[in-house]
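# Overview (structure and organization)
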Amino acid sequence: MNVAQVWKLLDLRQINKMTKEKIIEKLKDIFKLVIHNNVDLSKVTLETNIIKDLGVNSVGLVYLVIGIEEMFEVDMSEVTFNTFETVGDVVDFIKENID
């Protein structure tokens, strides 16, 4: 195991220990790149609706999925436009699928 693999492992362990609120904070970094309609991200909660409240469209969802895969290193190949309704759905998916 090389140094990069050790750091990756340690980082994944940190993600495993993250609270839902901390995951939301990391997701906000992705939302900043995906959402371009001046949504106040400080008000994002587990109950926030991705489409209705954040205004994410199908193209935005693709970028959201890519960002989540990169940031949390989870496989989202089975995700469809209807997989997630709320931010809480995304958080639960992340917590359930971290390697």
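Source: prediction; values computed, not measured. (Residues numbered from 1 in each chain as written. Predicted model: local features only at pLDDT ≥ 70, side-chain atom pairs only at ≥ 80, totals over all residues. Heavy atoms only, no water.)

### Looking at the pattern of salt bridges
- Per the counting criterion, the structure on display carries four salt bridges.
- Notably, a salt bridge pairs Lys20 with Asp92, separated by 2.8 Å at the nearest N-O pair. Taken as a pair, Lys20 in helix 2 (residues 20–34) and Asp92 in helix 4 (residues 87–97) lie far apart in primary sequence, 72 residues in all.
- According to the relative accessible area criterion, Lys20 is partly exposed, its value standing at 32%.
- By relative accessible area, which is 29% here, Asp92 ends up partly exposed.
- Note that Asp40 is salt-bridged to Lys43, the shortest N-O span being 3.9 Å. (Salt bridge = Lys/Arg side-chain N within 4 Å of Asp/Glu carboxyl O. Helix = DSSP H or I, 4+ residues; strand = E, 2+ residues; numbered from the N terminus. Buried < 20%, exposed > 50% of the residue type's maximum accessible area, 1.4 Å probe, protein only.)

### What to know about the nonpolar core
- One finds Leu27, Phe31, Leu54, Ile68, Met76, Val87 and Ile94 to be the most contacted residues of the largest nonpolar core, which totals 28 residues.
- Those elements that place two or more of their residues in this core are helix 2, helix 3 (58–72) and helix 4.
- A per-element tally of this core places helix 2 first, with six residues.
- Excluding residues within four positions of it along the chain, Met76 makes contact with Val65, Ile68, Glu69, Phe84 and Phe93. (Core = buried A, V, L, I, M, F, W, Y, C linked by side-chain atoms within 4.5 Å. Contact = heavy atoms within 4.5 Å.)

### Observations regarding the packing of aromatic side chains
- Applying the stated rule across the entire model yields one aromatic pair.
- Centroid distance Phe84 to Phe93: 5.5 Å. Interplanar angle 75 degrees. Geometry classified as edge-to-face.
- We classify Phe84 as buried; its relative accessible area is 6%. (Phe/Tyr/Trp six-rings, centres within 6.5 Å; stacked < 30°, edge-to-face > 60°.)

### Some remarks on a nonpolar patch on the surface
- A cluster of nonpolar side chains, Val59, Val62, Tyr63 and Ile66, forms an exposed patch at the surface whose accessible area comes to about 390 Å².
- Looking at the element boundaries, Ile66 is found in helix 3. (Patch = residues over 30% accessible without salt bridge, like charges linked within 9 Å, V, L, I, M, F, W, Y side chains within 5 Å. Areas by Shrake-Rupley, 256 points an atom, 1.4 Å probe, with all protein chains shown as cover.)

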